[in-house]
Amino acid sequence: MKFRDIFLSALVSVVIVLLIDAATNTLDIAKYSWDFRHYIALAEQGFKSQPLLSPFAYRYPTPLIAAGLTAFLGIPTAMSFKVIAYFGALLQLMGVFFFVQHFAKSRKSAFVALLVTAFSLCNVKFLLFDVYRPDHMAYAFVILGFYFGLTSRFYRLLITSAIGVQFREFAVLPLIAFMAALAAGGQWQTWRRYVLPVILCLLVAVALPRLLIPVTGSIQDASSLRAVFRIPFDFKRDLNLAYSVIAYFLPTLMLLDTQRFRLIRAQLPGEIKRFVLIYALLVILLSLYGGSDLPRFATYLFVVQALLIGLLCRMASGAEIGTMLIAAFIFNRMWMPLPGGTDQAGIGAVWNMDNYLDFWVGYASRVNWSTFARCAELIIFIAISVLMRRMNGPPALIQNKNGPRAPTSGAIFKSIGLS
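This section reports on the structure supplied with the text. (Residues numbered from 1 in each chain as written. Predicted model: local features only at pLDDT ≥ 70, side-chain atom pairs only at ≥ 80, totals over all residues. Heavy atoms only, no water.)

Turning our attention to the side chain of Arg260. With respect to the helices and strands, Arg260 occurs in helix 14 (residues 258-267). Residue classification places Arg260 among the buried residues on the basis of a relative accessible area of 0%. (Helix = DSSP H or I, 4+ residues; strand = E, 2+ residues; numbered from the N terminus. Buried < 20%, exposed > 50% of the residue type's maximum accessible area, 1.4 Å probe, protein only.)

Given below as structure tokens:
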């Protein structure tokens, strides 16, 4: 990695985070009583805090890091969480840049993927609104694990997953996807060689904290066997999950067409396709059972989207990419304050909870006219991209005797090492 790329990615990430934060208000923790109170209690009281509830208690690293910053720097707990939020946002955006540049061999594609991630409502903006969440650092471990999975670096993937799962459960999914992809590809000899280390890793990293940390209760939706079977049959929840996933992939859908889909599908190695598809399905499954904030859970598809954006940017025109970025910025309301926060003067917002939930929609089983309005907005943006391609044609695709191809796509797949 060249120093220039490191410097530019860091500079762009810092500027974007500062601009997004300037347009983002702060959650009013005095007015509301949400998940943040459990993370603040962990930071200030440790595992002696009451009530000590699942799953918050198992996501202890972020609150403990905040406690360490408070003790070392002498700053308030809220400021410590803010520092972590900034650091996590920078790690996430720079990680996306390096990840896409490694596979796409294109600085332009890497910067576009960085912007797409930054313009997601929940990847950066929401986590600057509610800085107490554990996702800041989890994203970095997810993208690192995803990279190790794509490049078959098993033991690095194992270690990354073991550490990352302490921050957020989604961080273990690249490891599970890797093992499932081996089985799906019939690589049983390799699978058998890795299965014991994986079991030991899951026992130590997942099971052991749940045995040692003395939780007093749980607020998880799937806390009983009955709930496990009931949740998939909640039609409104399923609808919101589908919306959340489709809305998150809006940038990809605006650049994708059938020709490009066939090209990517034909040229991507089977190992890559299996790993990426299984990871995406695991994210959706865990989102289904993970809780109520379905749009936030969909953000863990950011590595899949980053990879697809890296591929599609090699086939899309500048006008398409520009239109897509504008649409992502508008759709995710990047310039607007979130309901339920305070402004720079500390004055609380006058909006109620309905306004907050309707700001992004997709919450649990809540379906109303705002849901349909946002779905219509999705359709309009995708229709604009389709109309643009039909008017201008697909300039990045070249016709030859072997059919359509991307002029530089071979470098993408060769760089993965599995072409």
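The discussion continues.
This part is about the environment of Ala180. Mapped onto the secondary structure, Ala180 falls in helix 9 (residues 173-184). When its relative accessible area of 29% is taken as the criterion, Ala180 is described as partly exposed. Put simply, Ala180 and Phe275 are 95 residues apart on the chain and 7.7 Å apart in space, counted from C-alpha to C-alpha.

Turning next to the nonpolar core. Membership of the largest hydrophobic core comes to 123 residues, with the highest contact counts inside it found for Phe99, Phe146, Leu150, Tyr279 and Met324. The leading source of residues in this core is helix 4 (residues 77-104), at eleven residues. With residues up to four places along the chain from it excluded, the contact list for Phe99 reads Ile143, Phe146, Tyr147, Leu150, Val303, Ala306 and Leu307. Among the nonpolar cores identified, the runner-up in size contains five residues, and Leu52, Ala57, Tyr58 and Ile213 belong to it. (Core = buried A, V, L, I, M, F, W, Y, C linked by side-chain atoms within 4.5 Å. Contact = heavy atoms within 4.5 Å.)

Taken together, the side chains of Leu196, Ile199, Leu200, Leu203, Val204, Leu208, Leu211 and Leu212 present a nonpolar region at the surface, about 820 Å² in accessible area. Here Leu203 lies in helix 10 (residues 188-212). (Patch = residues over 30% accessible without salt bridge, like charges linked within 9 Å, V, L, I, M, F, W, Y side chains within 5 Å. Areas by Shrake-Rupley, 256 points an atom, 1.4 Å probe, with all protein chains shown as cover. Salt bridge = Lys/Arg side-chain N within 4 Å of Asp/Glu carboxyl O.)

Right, let's get into helix 15 (residues 270-290). Relative to the 30 Å expected for 21 residues at 1.5 Å per residue, helix 15 spans 29 Å between its end C-alpha atoms, a close match to the ideal helical length. Directly after helix 15, the chain includes Gly291, whose backbone phi takes a positive value near 155°. (Expected span 1.5 Å × (residues − 1).)

What follows deals with the pattern of salt bridges. Summed over the entire model, instances satisfying the criterion amount to 18 salt bridges. A salt bridge links Glu169 to Arg59, with the shortest nitrogen-to-oxygen separation between them at 3.1 Å. Highlighted residues: Glu169 in the loop between helix 8 (154-167) and helix 9 and Arg59 in the loop between strand 2 (53-54) and helix 3 (61-73), separated in sequence by 110 residues. We classify Glu169 as buried; its relative accessible area is 15%. The class for Arg59 is buried, based on a relative accessible area of 6%. When the shortest N-O distance is used, the salt bridge between Arg389 and Asp257 registers 3.6 Å. Taken together, the residues span a long stretch of sequence, with Arg389 in helix 20 (residues 369-392) and Asp257 in the loop between helix 13 (250-255) and helix 14 at a distance of 132 residues. Asp257 gets classed as buried once you look at its relative accessible area, which sits at 18%. Three or more residues joined by partner-sharing salt bridges are found here, namely Arg59, Asp135, Arg168, Glu169, Arg210, Asp293 and Arg296.

Don't take any of this as a statement about function, it's just geometry.
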